[in-house]
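Fold and geometry: a report
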Amino acid sequence: MANNFLKPGDKTPESGQYGLFGSRGGSKGVEITSVKNKPLPPTPEPGMQYKLLDKTKHKKK
């Protein structure tokens, strides 16, 4: 995962907020929440990708 971008349908590596980015890498200003090991949802346009913006913070019990 050298460029840190994920394609729709890829398994989410870590739970958190993922930003939607266009085919040239520009942010679309849209964020989704995804859970670890669940597939990322389809994008509104072909060529768009996701990138982890804010990892979920778990409190220790």
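Everything below is about the structure printed above this text.
The present account deals with the structure reproduced in this document. Just so we're clear, the structure is a prediction, and the values are computed from it rather than from any experiment. Within each chain, residue numbers correspond to sequence positions counted from 1 in written order. Under the rules for a predicted model, residues below a pLDDT of 70 receive no local features and side-chain atom pairs below 80 are neither given nor counted, while totals for whole chains, interfaces and linings still include all residues. Think of the side-chain values as coming from all heavy atoms in the structure, minus any hydrogens and water.

Concerning the nonpolar core
- Grouped together as the largest cluster of nonpolar side chains are six residues: L6, Y18, L20, L40, M48 and Y50.
- Contacts are assigned to residue pairs that have any heavy atoms within 4.5 Å of one another. Apart from residues lying up to four places away in sequence, Y18 is in contact with L6, T12, P13, V30, E31, I32, S34, L40, Y50, K51, L52 and L53. What is meant by a nonpolar core is a set of buried Ala, Val, Leu, Ile, Met, Phe, Trp, Tyr and Cys residues, joined one to another through side-chain atoms within 4.5 Å. Each residue is placed in one exposure class: buried if its accessible area under a 1.4 Å probe, protein chains only, is under 20% of its type's maximum, exposed if it is over 50%, and partly exposed if it falls in between.

Here's the deal with the sheet that holds strand β2 (residues 16-21)
- Pairing is antiparallel in the open sheet, where four strands are placed in the order β1-β4-β2-β3. The strands lining the two open edges of the sheet, one partner per strand, are β1 (5-6) and β3 (27-34).
- With two bridges joining them, β1 and strand β4 (residues 49-55) adopt antiparallel strand pairing. Residue L6 lies in a different strand from β4, and its bridge partner there is Y50. Pairing between strands is defined by DSSP: at least two bridges between them are needed. To qualify as a helix, a DSSP run of H or I must reach at least 4 residues; to qualify as a strand, a run of E must reach at least 2; elements of each kind are numbered from the N terminus.

Points about the pattern of salt bridges
- Between Lys or Arg on one side and Asp or Glu on the other, a salt bridge is scored when a side-chain nitrogen of the former is within 4 Å of a carboxyl oxygen of the latter. This model, assessed by the stated rule, comprises two salt bridges.
- The salt bridge involving E14 is made with K55; its shortest N-O contact spans 3.1 Å. Note that E14 is positioned in the loop between β1 and β2 and K55 in strand β4, a separation of 41 residues in sequence.
- With a relative accessible area of 31%, E14 lands in the partly exposed category.
- On the basis of relative accessibility, which here comes to 49%, the residue K55 falls in the partly exposed class.
- As a salt-bridge pair, D54 and K57 come within 2.7 Å of each other at their nearest N and O atoms.
- On the accessibility criterion, D54 (38% relative accessible area) is partly exposed.

Some remarks on the packing of aromatic side chains
- Only rings of Phe, Tyr and Trp enter the pairing, Trp through its six-membered ring, and a pair is recorded when the two centres are within 6.5 Å. The plane angle decides the type: under 30 degrees is stacked, over 60 is edge-to-face, the rest tilted. What the rule picks out here adds up to one aromatic pair.
- Note on F5 and F21: the rings are 5.4 Å apart at their centroids and 80° apart in plane angle, and the pair reads as edge-to-face. Taken together, the residues F5 in strand β1 and F21 in strand β2 connect sequence positions 16 residues apart.
- Judged by its relative accessible area of 23%, F5 is partly exposed.

Focus on the pairing of β3
- In terms of strand pairing, β2 meets β3 through five bridges, oriented antiparallel. Its bridge partner lying in β3, Q17 is registered against T33.
- Between the antiparallel neighbours β2 and β3 lie five residues, among them G25 with a positive phi of about 95°.

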